[in-house]
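# Coordinate analysis (summary)
The residues making up each chain are set out below.
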Amino acid sequence: MDIKIPSVGESVVEALVAKWMKKSGSVVAKDEILCEIETDKITMELHADVSGTLTVMVPEGESVKIGTVIGRIDEGATLDISATPASALPPSSPQARKLATEKGVDLSLLAGSGKKGRVMAGDVLTSGERELGTGNRELGTGSSEPGSGGGGSESEPLLSVRSEEPTPYGASEISVTDPATLHPAREQRVPMTPIRKRISERLLAARQQTAMLTTFNEADMSRIIELRGRHKEQMRERHGVPLGFMSFFVKACCEALREFPTVNASIDNSDIVFHNYYDIGIAISGKKGLVVPIIRGADRLHFWEIEQKIVELAARIEGNRLEIADLQGGTFTISNGGVYGSLLSTPILNPPQSGVLGMHAIQERPVVRDGMIVIRPMMYLALSYDHRLIDGREAVEFLKRVKALVEEPEELLLES
């Protein structure tokens with residue numbers, strides 16, 4: 001059976017063979033991961049459709065056209081699986097097994113959410129045995145409260161999917177025992193990956209082809225932190241995901257976009273296209289760079305459904321199962337620089353969208369309330385917008401509306 005580079009979209013004409021999981025001559029089982037390929041839009045895994053012996057025809061680091069045969073499986077070979085009893089592990093997806101191996105998660109301890117109890121990648125990511133970041137932070141939620149170290153700061157990893165960066169394509173690995181490590185080369189040149197090339201092109205285009213401007217504000221996070229503290233575990237018990245901060249911001253943005261439709265619009269040549277739907281892009285950091293998958297119809301989703309979508313998308317990015325359709329469209333984007341500890345930054349537009357909201361780290365700061373100086377958990381907010389379409393007054397009022405909804409989130413809860 002030939003292993004071909006699959007078609008993943010009309011605009012994608014070639015792909016990079018990023019990594020072979022199996023060596024040439026290895027015996028592989030059906031559904032086992034064979035290799036990882038990368039296009040200018042997504043990274044994905046190719047699985048074995050049959051069992052047999054693998055022959056690698058295209059080495060790692062080589063770019064080839066869509067449809068190219070990069071390997072072959074001789075179905076004459078069989079696997080000796082006697083050493084692994086079928087009852088040793090619960091049924092699980094290949095992505096779940098790969099994640100469990102990487103993260104040291106015992107699959108036998110997990111209750112699968114898939115058909116007939118099959119353990120899925122999302123089950124591994126949301127298990128109590130796996131945490132992202134440091135301390136007891138959780139994906140999409142964060143559990144450190146202000147004042148818990150770091151001088152009362154909180155940088156919540158709402159969306160970060162972080163893992164150890166692989167060796168760059170074309171670069172050789174250096175053993176820690178190699179004497180050369182004592183005198184490493186002053187420079188190293190490696191080719192840009194297709195995704196990194198695409199990111200650089202889009203960022204440059206956003207700066208050159210839009211009249212981007214940014215307005216700033218800050219939000220008191222006290223009410224959201226208090227609400228989240230009371231309902232976080234209840235939501236986890238009922239829906240399998242904890243209540244995070246991101247769902248509040250998604251709902252707040254949807255409400256503000258409804259009131260300020262120009263921020264949800266885009267420019268197409270000499271026309272303004274108003275979108276009567278709210279497909280929100282969520283910037284997520286993956287192994288190969290930033291991607292912005294879309295939560296479609298976000299205004300119609302409950303808080304717990306938004307949190308589930310975020311966990312699902314993060315798992316698909318981690319398992320290289322994101323599809324081009326997951327990245328297409330979108331009317332507005334939310335990016336959280338606070339995951340990296342950013343206190344203030346200027347988010348860049350994601351064309352053809354006209355607006356992007358930047359969230360930042362939560363810090364306890366002195367503020368004035370009713371004439372008194374008090375300490376509150378504050379977050380700086382930044383709205384970058386295309387000034388060709390959105391006036392400064394409209395941008396400021398939009399951001400003020402987001403701030404008001406975040407500071408008094410009961411309105412969002414009542415609407416949901």
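Scroll up a little and you will see the structure.
First, a word on what this report is: a plain description of the structure on this page.

Definitions and limits used
Residues numbered from 1 in each chain as written. Predicted model: local features only at pLDDT ≥ 70, side-chain atom pairs only at ≥ 80, totals over all residues. Heavy atoms only, no water. Helix = DSSP H or I, 4+ residues; strand = E, 2+ residues; numbered from the N terminus. Expected span 1.5 Å × (residues − 1). Buried < 20%, exposed > 50% of the residue type's maximum accessible area, 1.4 Å probe, protein only. Salt bridge = Lys/Arg side-chain N within 4 Å of Asp/Glu carboxyl O. Pairing = 2+ DSSP bridges. Axes fitted to C-alpha atoms, helices over the stretch in contact; angles between N-to-C directions.

## A short note on helix α7 (residues 392–407)
Over its 16 residues, α7 runs 23 Å from end to end, which matches the ideal 22 Å to within 8%, given 1.5 Å per residue. Of the residues making up α7, those classed as buried are E394, A395, F398, L399, R401, V402, L405, V406 and E407.

## Thoughts on the pattern of salt bridges
As enumerated under the stated definition, the model contains 17 salt bridges in all. With its nearest N and O atoms 3.3 Å apart, the salt bridge here joins R369 to D220. Residue R369 is found in strand β18 (residues 355–369), and its partner D220 is found in strand β10 (residues 212–220); the two are separated by 149 residues along the sequence. For R369, a relative accessible area of 30% translates into the label partly exposed. Residue D220 is classed as buried on the basis of its relative accessible area, which comes to 9%. A salt bridge links E255 to R258; the nearest nitrogen and oxygen atoms lie 3.0 Å apart. In this pair, E255 and R258 both sit in helix α5 (residues 246–259), 3 residues apart, roughly one turn of the helix. Among the residues examined, E255 registers a relative accessible area of 17% and is labelled buried. Each of the salt bridges in this network shares a partner with another, and the network as a whole consists of D220, R369 and R376.

## Considering the pairing of strand β2 (residues 14–20)
A large share of β2 lies buried, amounting to 5 of its 7 residues. By the bridge criterion, 3 bridges tie β2 to strand β7 (residues 63–65) in an arrangement that is antiparallel. Bridge pairing in β7 links L16 to S63. Pairing between β2 and strand β4 (residues 33–38): 4 bridges, direction antiparallel. In the strand pairing of β4, L16 is matched with E38.

## Focus: the sheet that holds β4
Paired through backbone hydrogen bonds, the strands of a sheet run either parallel or antiparallel to each other. The 4 strands lie next to each other as β5-β4-β2-β7, forming an open sheet whose pairing is antiparallel. This sheet does not close on itself; its edge strands, each paired only once, are β5 (43–47) and β7. Looking at each pair of strands side by side, their axes are set apart by 40 degrees on average, direction ignored.

No statement about biological role is implied by the geometric values presented.
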